[in-house]
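Chain residues, written in single-letter form:
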Amino acid sequence: MFKFFFHEFNEIKNFLKENYKVITILVVSMLSFTLQWYRPIGSNQAISQIVYFIVIPFLAIYILLKDNPLNYGFGLGDFSTWLYYVIITVVFCLPFLILAPKLSQVNSYYGKGFSYKNFFRITVPVLLAWEYMLRGFLLFGLKERFGQMSIVIQTIPFVLLHLGKPEIETLSCIITGLWFGWIAYRGNSFWPAFIVHVFINFTVNILVNF
């Protein structure tokens, strides 16, 4: 029995050692998502999500992974590549965004008034936090091990974060999540996904409310 436990202990130790980076990325991500849900910080969700989805990942990169956050999609990346993706995505999405206000579920969810102040004070920081966690920390943290499959992995929490929003929006996140992941992966930066996400959110709010 002692031999069995010794063998299994070594197996566990080797597993943790060989998969340290992936385990760290996934555990920190799950911890951040869980704490944000159960223990939000203060009444301003922007501050709470910046702490859980940006500050904590940054600390994990520096302290646990001993790496540079620029290696996790925070840098400008390949600007000449992702700029084209942003332009193409905006042009392609615009007709769908124009049609979105015609859907009752979209209207009832977003048609509650629009404040430019709240959009830039709350919505933009929240989207920044979401995008860095998903298309930065998770995507590039898992890229070394899973390659392009990291695009698929980060799409899962992206869809789940939209639960409670209009059904059509949540379902569409399966496609947009993969696409946002792709342009971030190809552009080596989370910034193009952030720009497109802000554009979509802003456009829908404007079209619904005005």
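Residues numbered from 1 in each chain as written. Predicted model: local features only at pLDDT ≥ 70, side-chain atom pairs only at ≥ 80, totals over all residues. Heavy atoms only, no water.

1. Some thoughts on the overall build of the chain
A tally of helices and strands in the chain yields 9 helices and 0 strands. Secondary structure elements of the chain, listed N to C terminal, follow the sequence α-α-α-α-α-α-α-α-α. The dimensions of the chain, computed from C-alpha atoms along their principal axes, are 70 × 40 × 25 Å. Per-residue burial over the chain gives 42% buried out of 210 residues. (Helix = DSSP H or I, 4+ residues; strand = E, 2+ residues; numbered from the N terminus. Buried < 20%, exposed > 50% of the residue type's maximum accessible area, 1.4 Å probe, protein only.)

2. Let's talk about helix H2 (residues 20-38)
Under the 1.5 Å per step criterion, the end-to-end length of H2 is 26 Å for 19 residues, consistent within 8% with the ideal 27 Å. Looking at H2, one finds that the buried residues are Val 22, Thr 24, Ile 25, Val 28, Ser 29, Ser 32, Phe 33 and Gln 36. Take H2 and look down its axis: the buried residues cluster within an arc of 170°, on one side only. Turned more than 90 degrees from where H2 packs its buried face, Met 30, Trp 37 and Tyr 38 sit exposed. (Expected span 1.5 Å × (residues − 1). Arc of directions from axis to C-beta.)

3. Description of the confidence of the model for the chain
With 100% of its residues at a pLDDT of 70 or more, the chain shows a mean pLDDT of 92. Averaged over each element, pLDDT in the chain is lowest for helix H1 (residues 2-18) (84) and highest for helix H7 (residues 149-161) (96). (pLDDT = per-residue confidence, 0-100.)

4. Concerning unusual backbone geometry
Of note, the phi angle at Lys 66 is positive, near 50°, even though the residue is not glycine. Taking relative accessible area as the criterion, Lys 66 reaches 69% and is therefore assigned exposed. The backbone of Asn 188 sits at a positive phi, close to 55°, despite the residue not being glycine. Among the structural elements, Asn 188 can be located in the loop between helix H8 (167-187) and helix H9 (191-209).

5. Points about a nonpolar patch on the surface
The grouping of Phe 146, Met 149, Val 152, Leu 171, Ile 174, Ile 175 and Leu 178 at the surface amounts to a nonpolar patch, some 630 Å² of accessible area in total. Top element by residues in the nonpolar patch is H8. It accounts for 4 residues. Inspection of the secondary structure assignment puts Phe 146 in helix H6 (residues 116-146). On the basis of relative accessibility, which here comes to 35%, the residue Phe 146 falls in the partly exposed class. (Patch = residues over 30% accessible without salt bridge, like charges linked within 9 Å, V, L, I, M, F, W, Y side chains within 5 Å. Areas by Shrake-Rupley, 256 points an atom, 1.4 Å probe, with all protein chains shown as cover. Salt bridge = Lys/Arg side-chain N within 4 Å of Asp/Glu carboxyl O.)

6. Brief notes about the pattern of salt bridges
Summed over the entire model, instances satisfying the criterion amount to 2 salt bridges. A salt bridge links Arg 135 to Glu 131; its shortest N-O distance comes to 2.7 Å. Of the two residues, Arg 135 and Glu 131 are both situated in helix H6; the distance of 4 residues between them amounts to about one turn of the helix. Under the relative-accessibility criterion, Glu 131 is labelled buried at 0%.

7. Examining the side chain of Thr 155
Looking at where Thr 155 falls in the secondary structure, it is placed in helix H7. What makes Thr 155 buried here is its relative accessible area of 6%. At 3.1 Å, the side chain of Thr 155 and the side chain of Gln 154 are in polar contact. At 3.5 Å, the side chain of Thr 155 forms a polar contact with the backbone oxygen of Gly 177. (Polar contact = N/O pair within 3.5 Å; in protein donor to acceptor, adjacent residues only side chain to side chain.)

8. With respect to the nonpolar core
With 52 residues, the main nonpolar core has Ile 25, Phe 53, Tyr 72, Tyr 132, Phe 137, Ile 200 and Val 204 as its most contacted residues. Elements supplying a minimum of two residues to this core: H2, helix H3 (45-64), helix H4 (79-99), helix H5 (104-110), H6, H7, H8 and H9. No other element matches H6, which puts 15 residues into this core. Once you skip the residues sitting within four places of it in the chain, Ile 200 turns out to touch Cys 93, Leu 97 and Phe 180. (Core = buried A, V, L, I, M, F, W, Y, C linked by side-chain atoms within 4.5 Å. Contact = heavy atoms within 4.5 Å.)

9. So, the packing of H6 against H9
Interhelical geometry of H6 versus H9 gives an angle of 145° and a closest axis separation of 9 Å. Taken as a pair, H6 and H9 cross one another with a handedness that is right-handed. For the pair formed by H6 and H9, the contact residues are Tyr 116, Phe 119, Thr 123, Val 124, Leu 127, Leu 128, Trp 130, Glu 131 and Arg 135 on the first element and Trp 191, Ala 193, Phe 194, His 197, Val 198, Asn 201, Phe 202 and Ile 206 on the second. Partitioned by chemical class, the residues of the contact of H6 with H9 number 12 nonpolar, 3 polar and 2 charged. (Axes fitted to C-alpha atoms, helices over the stretch in contact; angles between N-to-C directions. Left-handed = near helix turned anticlockwise from the far one by under 90°. Nonpolar A, V, L, I, M, F, W, Y, C, P; charged D, E, K, R; others polar.)

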